[in-house]
Amino acid sequence: GSLPLALGIDLGTSGVRIAIVNRNKDLIYTSSVNYENNLEDYHDWINSCEKLIREIPKSFKSNLVACSVDGTSGTIIACDFQGDPISKAVPYHSNCIDETKGILKLSTIKNSSLERYSSIRKALYLTNKYGCDILLRHQADWITGWLLNNWDLGEEGNNIKLGWNLLSKTWLKDVQNLEWRNCLPKIISSGNLFGTVSSSISKRLDLPRNLKVFAGTTDSNAAVLAVNPSSTDGVTVLGSTLVIKRFVNGPIRSHGITNHLVGGQWLSGGASNTGAAVLRRFFSDEDLIELSRQINPEIDSGLKLMPLMIKGERFPVNDPDLEPILGPRPTSDSLYLHGLLESIARIEAQGWNKFEKLGIKAPQRIITIGGGARNPQWRRIRERIIGIPILSSKKQPAEGVALLAMQSIHKSL
Ligand code: ADP
């Protein structure tokens, strides 16, 4: 076989998946397990990782040379200086609404994308509760610490939500001035070396003693890496929300666009508030399959909808007052679904146009991942409306972060 091998560990919302790739970038092993309790329970994180690592066949395990971790972006845990958690984790979707007052005192964070659902509210909540002699670590960083028996470090992309600035490579001023700045990790760039697996973990899980651990990325970036897009490919994530992503030469500065560094490459993304969540409001996943079969994707439904869950859009247009239009609903459910799928496709088309206006050439091909990628009729509707060939992918983030580990060890040699 093609040795050596790299391991990727993906900590998701409902469980953990691991993947192993060889140096030809082939996936040679993958396995997953659901959390017994939930995302907040760090015992679940460890137990899931231990179980999956123990079960890796010996012939693969002994050839592992590199490992990287990705986790749900914005899930954070408070621990002591030895890494022992002080509480349950605060999951990414928690909005810590009681911390609004604290946020309003932070002038550079107030009214920025960091205000809601960022890790800053969660950090305020945790430091108010447990004081400032603690470490604040995101899920991927905490598990990486567990592999190394050292919780000092954090990966750059996972820490944007805590106020890390990728361009200046410093913490935002407001964050630097806070009394909890010592709770923050020392930042390592995605793809750079975190360290070598600890001797106790190596013994207990029978991992090679010199297994190198490289800084990983967030779960959504890992999903993009998994499809291994070329420079002319675009990636659309059709999950609860619609996100379009593209590797670019440098960060794009425009409202609603986020920039990440993944393994040294800039990845820009535009996230709309629309997406497949609005479909779930009206239809079960089973209904979606059945009703989609009744759609002829080559013709237009004639419906004009604005498929937002609530008022307000951030990308491709920035309009906090944009109203959802979800009716009039025709009597035919499949016609209604047809209209919804088309209206989301039109927003995606506008998104790619917006990227073009910002100087990013239109992709020659779009690769789609996420729950919506399972729908062949939607794929065809999107091709018709966007005018670019579309490929659906079932690749998982674990494979992406394994590829990142493989790329990182090559660069480090
Ligand atoms: P996330 O991780 O963002 O919550 P997923 O990638 O798991 O989302 O995708 C879940 C979404 O996929 C749901 O909103 C659901 O409506 C949508 N979905 C599931 N099956 C289909 C289908 N056959 N066609 C279109 N959308 C689907």
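Everything below is about the structure printed above this text.
Residues numbered from 1 in each chain as written. Predicted model: local features only at pLDDT ≥ 70, side-chain atom pairs only at ≥ 80, totals over all residues. Heavy atoms only, no water.

1. A look at the sheet that holds strand β13 (residues 233-238)
Read from one edge of the open sheet, 6 strands run β15-β16-β14-β13-β17-β18, paired in mixed fashion. Strands at the two margins of the open sheet, each flanked by one partner only, are β15 (257-262) and β18 (390-392). Adjacent strand axes in the sheet meet at a mean angle of 25° when their direction is disregarded. Here strand β14 (residues 242-248) runs beside strand β16 (residues 265-271); their pairing, made up of 6 bridges, is antiparallel. (Pairing = 2+ DSSP bridges. Helix = DSSP H or I, 4+ residues; strand = E, 2+ residues; numbered from the N terminus. Axes fitted to C-alpha atoms, helices over the stretch in contact; angles between N-to-C directions.)

2. A short note on the site of the ligand
If you check the shell around the ligand, you find 15 residues, and the closest are S240, A276, G370, G371 and N375. A276 is positioned such that a nitrogen or oxygen atom in its backbone is 3.0 Å from an oxygen atom of the ligand. Separating an oxygen atom of the ligand from a backbone N or O atom of A277 is a distance of 3.4 Å. With the chains in place, 75% of the 580 Å² that the ligand exposes on its own is no longer accessible. (Near = heavy atom within 4 Å. Polar contact = N/O pair within 3.5 Å; in protein donor to acceptor, adjacent residues only side chain to side chain. Areas by Shrake-Rupley, 256 points an atom, 1.4 Å probe, with all protein chains shown as cover.)

3. Thoughts on the packing of aromatic side chains
One pass over the full model with this rule turns up 10 aromatic pairs. An angle of 75° between the planes, with centres 5.2 Å apart, marks the rings of W164 and W171 as edge-to-face. Overall, the relative accessible area of 12% leaves W164 in the buried class. Judged by its relative accessible area of 13%, W171 is buried. Ring plane angle 70° and centroid distance 6.0 Å describe the contact between F315 and F355, whose orientation is recorded as edge-to-face. (Phe/Tyr/Trp six-rings, centres within 6.5 Å; stacked < 30°, edge-to-face > 60°. Buried < 20%, exposed > 50% of the residue type's maximum accessible area, 1.4 Å probe, protein only.)

4. A word on the sheet that holds strand β4 (residues 64-71)
Pairing is mixed in the open sheet, where 6 strands are placed in the order β3-β2-β1-β4-β12-β11. Looking at which strands have only one partner, the edges of the open sheet turn out to be β3 (27-34) and β11 (193-196). Sheet twist, expressed as the mean angle between neighbouring strand axes with direction ignored, is 20°. Sheet topology note: the strand β1 (residues 5-11)/β4 ladder contains 7 bridges and is parallel. Across the sheet, L11 pairs through a bridge with G71, a residue of β4. Running at roughly 100° to strand β12 (residues 212-218), helix α8 (residues 219-226) makes contact with β1, β4 and β12 of the sheet. Lying over the sheet, helix α13 (residues 397-412) contacts β1, β2 (15-22), β3, β4 and β12, oriented at roughly 140° with respect to β1. (Contact = heavy atoms within 4.5 Å.)

5. What to know about the side chain of N259
Here N259 lies in strand β15. You can call N259 buried: its relative accessible area is 17%. Separated by 2.9 Å, the side chain of N259 and the backbone oxygen of I252 make a polar contact. Polar contacts involving the side chain of N259 include one to the side chain of S268, which spans 2.6 Å. If we ignore the near neighbours within four places in the chain, the residues touching N259 are I160, L166, P251, I252, W266, L267 and S268.

6. A closer look at empty space enclosed by the protein
Under the criterion given, the structure shown has 1 cavity of 30 Å³ or more. In this structure, the largest cavity occupies an estimated 40 Å³ of space. For the lining of the largest cavity, the elements supplying multiple residues, two or more each, are β14 and α11 (333-357). With 3 residues, the single largest contributor to the lining of the largest cavity is α11. (1 Å grid on protein atoms, 1.4 Å probe; cavity = no way out; pocket = protein on both sides within 12 Å on 5 of 7 lines; lining within 4 Å. Points joined across faces, edges and corners; volume = space filled by probe spheres on them.)

7. Observations regarding α13
Relative to the 22 Å expected for 16 residues at 1.5 Å per residue, α13 spans 23 Å between its end C-alpha atoms, a close match to the ideal helical length. Within α13, the full set of buried residues consists of P397, A398, E399, G400, V401, A402, L403, L404, A405, M406, S408 and I409. Considering only its buried residues, α13 is in contact with β1, β2, β3, β4, β12 and α8. (Expected span 1.5 Å × (residues − 1).)

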